[in-house]
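Overview (structure and organization)
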Amino acid sequence: GGLVLITFPTPTLSYRAARAALQKIGRWDFPDERPLLFKEVRSAVEGLGTILEERTSNAIILSQGIIVARKLSLQ
């Protein structure tokens, strides 16, 4: 029944623009990063927990998706 806070890069316009600019000047230091869509993360959570909240944080230019989920109780 615990809670989990999942954050992940998500391809908003500001994320894509900032990443493109950083890649162009050779300052992108995350070669293995791939922005995720909410449906991809929802699919990963399916069967493991109940999603309580979803939002996008634009507090930084490289936007983050946020999902809060409650673990399913195993009986």
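In short, a report on the structure. Once a new chain begins, its residue numbering starts again from 1 and follows that chain's sequence as written. Per-residue local features are limited, in this predicted model, to residues with pLDDT of at least 70; the limit for side-chain atom pairs, both in listing and counting, is 80 or more; totals at the level of whole chains, interfaces and linings are taken over all residues. The side-chain numbers reported here are obtained from all heavy atoms of the structure, hydrogens and water having been left aside.

Ranked by size, the top nonpolar core spans six residues in total: Phe8, Phe38, Val41, Val45, Ile67 and Ala69. Secondary structure elements are defined from DSSP: runs of H or I of at least 4 residues count as helices, runs of E of at least 2 residues count as strands, and each element is numbered from the N terminus. Counting residues per element, the ones that place at least two in this core are helix H2 (38-45) and strand S3 (64-71). It is H2 that provides the largest number of residues to this core, a total of three residues. When neighbours within four sequence positions are excluded, valine 41 is seen to be in contact with Ile6, Phe8, Leu36 and Ile67. Residues grouped as a nonpolar core are buried Ala, Val, Leu, Ile, Met, Phe, Trp, Tyr and Cys residues, joined through side-chain atoms within 4.5 Å. When a residue's accessible area, from a 1.4 Å probe over protein chains only, is under 20% of the maximum for its type it is buried; when over 50% it is exposed; and in between it is partly exposed. The contact rule is simple, with two residues in contact once any of their heavy atoms fall within 4.5 Å.

Another aspect to go through is the pairing of strand S2 (residues 49-57). In this scheme, strands are said to pair when DSSP sees at least two bridges between them. Judged from the eight bridges that link them, S2 and S3 form a sheet pairing that is antiparallel. Note on S3: the bridge partner recorded for threonine 50 is arginine 70. Taking the residues between adjacent antiparallel strands as the criterion, S2 and S3 are bridged by six residues.

Two rings belonging to Phe, Tyr or Trp (six-membered ring only in the last case) form a pair when the distance between their centres is within 6.5 Å. Interplanar angles under 30 degrees mark stacking, angles over 60 mark edge-to-face geometry, and anything in between is tilted. Considering all chains together, one arrives at three aromatic pairs under this definition. Judged by centre distance (6.3 Å) and plane angle (85 degrees), the rings of tyrosine 15 and tryptophan 28 are edge-to-face. Of this pair, tyrosine 15 sits in helix H1 (residues 13-24) while tryptophan 28 sits in the loop between H1 and H2, placing them 13 residues apart in sequence. Exposure remark for tyrosine 15: the relative accessible area of 1% places this residue in the buried category. Among the aromatic residues, those joined into a cluster by ring pairs are Tyr15, Trp28 and Phe30.

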